[in-house]
Amino acid sequence: MFNLQMTPAAMMKRLPLLCLCLLTRSGATFADEHGSGVVRVVVEEGSDAILPCSLSNKENAEEKLFDWKKDGQKEVFFYDGGIHYNNGRPGQDRQFKGRISHFQDELKYGNASIIISKTKMTDSGNYTCDFPRLQPRRIFNIQFVVAVAAQKPSVTAIDQTEDGVLLQCEVRGASPKPTVEWQDSAGNILPAEEPQVSERGGSYDIILQTTVNTTDRFTCVVTQDEISHQIFAEIYVQVDGSPAGWFVAVLVIFLAVLILLAVLIAKGVIPLNCQKDIRKTTGTGYTNRSLAEPLSKPAKDQIV
């Protein structure tokens, strides 16, 4: 099935398919299966995805009939004893034409898995792999999620009131739905208003607002656990009246006064008087007289 003379890059691209084949032969699957019997597969948009479907007893499926559908209606892939949508059978939904393939060489091991190439967000949904002629009938359920990693959110200070500064974090076009939180510089989660959420075709836009009343650096954190993705944006807020704000204001005023004094002294507007003591020594002591004090003239009758 696989070309062994492919480039290393191509080999790496096909590695998940090889792994699936090996896991299928051992009766395992690469996706998580919950107690409900639904297998959940999550991939990033634009990549290829494998939807697993294998008979537990590894019964040969080459002559079997199995039918893949999306949301119970759309025909994804139909196989009946070697005849399928890729070799002439009509009826496949337009959404999947030219994008579905299967593991022909693995059918003898009961592997009816399919590959969806170049996945789109519209491919997300609930898929079934149905063996209607088996006794008992076997139906496999797969929840398929095509994810779009959230981009860096937009953070702004949109208003200032007596209660503080209103911050807004905006996330656009993320799938699956992310969680959005505001945090302070210490990593504490801040109380916020109810998020504004809108959904279109499986893509989510979210706006989260919070009010802060201290000077600090605040962070909006966006997390998508299903695809192990997290991204954030920061904003610094200066709140008037906060302790840090008063300290900065006093410091700025103090420095401004010092600079102004230095300029006035340099221009001679404010004289800088240096006094020098003159010491007049007498027999046993001395007296001080400042140069700034005028010398008194001797009286006319004073003998010099």
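Cut-offs used in this document
- Residues numbered from 1 in each chain as written.
- Predicted model: local features only at pLDDT ≥ 70, side-chain atom pairs only at ≥ 80, totals over all residues.
- Heavy atoms only, no water.
- Helix = DSSP H or I, 4+ residues; strand = E, 2+ residues; numbered from the N terminus.
- Buried < 20%, exposed > 50% of the residue type's maximum accessible area, 1.4 Å probe, protein only.
- Contact = heavy atoms within 4.5 Å.
- Areas by Shrake-Rupley, 256 points an atom, 1.4 Å probe, with all protein chains shown as cover.
- Pairing = 2+ DSSP bridges.
- Axes fitted to C-alpha atoms, helices over the stretch in contact; angles between N-to-C directions.
- Disulfide = S-S within 2.5 Å.
- Salt bridge = Lys/Arg side-chain N within 4 Å of Asp/Glu carboxyl O.
- pLDDT = per-residue confidence, 0-100.

Let us now look at the overall build of the protein. Looking only at helices and strands, the protein has 2 helices and 19 strands in total. Taken over 304 residues, the protein has a buried fraction of 34%. Sequence separation of 24 or more characterises 57% of the internal contacts of the protein that already satisfy a separation of 6 or more. With the model as given, the accessible surface of the protein reaches about 19300 Å², and the carbon-plus-sulfur share is 54%.

The omega torsion of the bond from Gln135 to Pro136 falls at -5°, within 30 degrees of zero and hence cis. Inspection of the secondary structure assignment puts Pro136 in the loop between β9 (125-131) and β10 (138-147). With a phi close to 55°, Asp71 is a non-glycine residue in the positive phi region. Turning to its location among the elements, Asp71 is positioned in the loop between β4 (65-70) and β5 (74-80). Overall, the relative accessible area of 42% leaves Asp71 in the partly exposed class. Despite not being glycine, Lys118 has its phi angle at roughly 50°, a positive value. Relative to the elements of secondary structure, Lys118 occurs in the loop between β8 (114-116) and β9.

Here the focus is the sheet that holds strand β14 (residues 196-200). Pairing within the open sheet is antiparallel, and its 4 strands lie in the order β11-β12-β15-β14. Edge positions in the open sheet fall to β11 (154-161) and β14, since each of these has one partner strand only. Going across the sheet, the axis of each strand differs from the next one's by a mean of 15°, ignoring polarity. As judged from the 5 bridges shared by β14 and strand β15 (residues 203-212), these two strands associate in the antiparallel manner. Residue pairing for β15: Ser198 is matched across the bridge by Asp205.

Another aspect to go through is the environment of Val222. Considering the arrangement of structural elements, one finds Val222 in strand β16 (residues 216-224). Along the backbone, Val222 and Ala233 are 11 residues apart, and their C-alpha atoms lie at a distance of 8.8 Å. With sequence-adjacent residues up to four places away left out, Val222 is seen in contact with Ala150, Pro153, Val171, Pro178, Thr179, Val180, His229, Gln230 and Ile231.

Once that is clear, we can look at the state of the cysteines. Throughout the structure, instances matching the rule amount to 2 disulfides. Paired through a disulfide, Cys53 and Cys129 show a sulfur-sulfur distance of 2.1 Å. Between Cys53 and Cys129 the disulfide shows an S-S torsion of about -70°. By sign, it is left-handed. Taken together, the positions of Cys53 in the loop between β3 (49-51) and β4 and Cys129 in strand β9 put the pair 76 residues apart, joining distant regions of the chain. The buried category is assigned to Cys53, whose relative accessible area is 2%. The disulfide bridge from Cys169 ends at Cys220, spanning 1.9 Å between sulfur atoms. Sign of the S-S torsion, about -70° for the bond between Cys169 and Cys220, identifies this disulfide as left-handed. Highlighted residues: Cys169 in strand β12 (residues 164-174) and Cys220 in strand β16, separated in sequence by 51 residues. The same class applies to Cys169 and to Cys220, which are both buried.

A word on the pattern of salt bridges. The full count for this structure, using the stated rule, is 9 salt bridges. Glu170 serves as the salt-bridge partner of Arg172, at 2.1 Å between the closest nitrogen and oxygen. One connected set of salt bridges, linked through shared partners, spans Glu170, Arg172 and Asp205.

Before going further, it helps to examine the confidence of the model for the protein. Averaged over all residues, the pLDDT of the protein equals 81, while 74% of them reach at least 70. Predicted confidence for residues 1-30 stays below pLDDT 50, and this span has 36 contacts to residues more than four positions away or in other chains. Contacts of residues 274-293 to residues separated by more than four positions or lying in other chains number 17 contacts, the stretch itself having pLDDT below 50.

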